[in-house]
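A look at the structure
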Amino acid sequence: MKVGIHPDYHEVEVHCACGNTFKTRATRKEMRLEICGDCHPFFTGKQKLVDTAGMVEKFERRYGKQGK
């Protein structure tokens, strides 16, 4: 690597809006997040599931089951 062309890469503490903090390495001096792995709906299990069965039934009602 060439000397003097790369940004400083150092350890930073990341702060989330939910209060979670963790350490990582980055070129920024400070990182603040709105959402992290501890409060993201996908990882917490509080995600909203779409009623796919109802959507299929609605499609079948609208277009009917067409045979071969």
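To be clear, the structure that these remarks concern was listed above.
A short tour of the structure in this document, coming up. Computed from a predicted model, the values in this text were never measured in an experiment.

Here we take up the pairing of strand β1 (residues 10–16). Here β1 runs beside strand β2 (residues 21–26); their pairing, made up of six bridges, is antiparallel. Bridging across to β2, glutamate 11 finds its partner in arginine 25. If you look at the hairpin formed by β1 and β2, you'll find four residues sitting between the two strands, and glycine 19 has a positive phi there, around 105 degrees. The sheet contact formed by β1 and strand β3 (residues 31–33) spans three bridges and is parallel. In the sheet register, histidine 15 faces β3, and the bridge partner there is arginine 32.

This next bit is on the sheet that holds β1. Taking strand neighbours across the sheet as the criterion, the three strands line up as β2-β1-β3 in an open arrangement whose pairing is mixed. Every other strand in the sheet has two partners, leaving β2 and β3 as the edge strands with one partner each. Looking at each pair of strands side by side, their axes are set apart by 30 degrees on average, direction ignored.

A few words on the environment of histidine 15. Relative to the elements of secondary structure, histidine 15 occurs in strand β1. Sequence-wise, histidine 15 and glutamate 34 are 19 residues apart; in three dimensions their C-alpha atoms are separated by 8.7 Å. Once residues lying within four places of it in the same chain are set aside, the contact partners of histidine 15 are Asn20, Thr21, Met31, Arg32 and Leu33.

For the rest of this paragraph, the subject is the state of the cysteines. Applying the stated criterion across every chain, the model contains zero disulfides. In this structure cysteine 36 is a free cysteine whose sulfur lies 3.5 Å from that of cysteine 16, the closest cysteine sulfur available. For cysteine 36, a relative accessible area of 8% gives the class buried.

A word on the environment of alanine 26. As for its placement among the helices and strands, alanine 26 is situated in strand β2. In the structure, alanine 26 is positioned 12 residues away from valine 14 in sequence and 9.9 Å away in space, judged by C-alpha atoms. Ignoring sequence-local partners within four residues, the contact set of alanine 26 consists of Asp8, Tyr9, His10, Val12 and Met31.

Conventions used here
- Residues numbered from 1 in each chain as written.
- Predicted model: local features only at pLDDT ≥ 70, side-chain atom pairs only at ≥ 80, totals over all residues.
- Heavy atoms only, no water.
- Pairing = 2+ DSSP bridges.
- Helix = DSSP H or I, 4+ residues; strand = E, 2+ residues; numbered from the N terminus.
- Axes fitted to C-alpha atoms, helices over the stretch in contact; angles between N-to-C directions.
- Contact = heavy atoms within 4.5 Å.
- Disulfide = S-S within 2.5 Å.
- Buried < 20%, exposed > 50% of the residue type's maximum accessible area, 1.4 Å probe, protein only.

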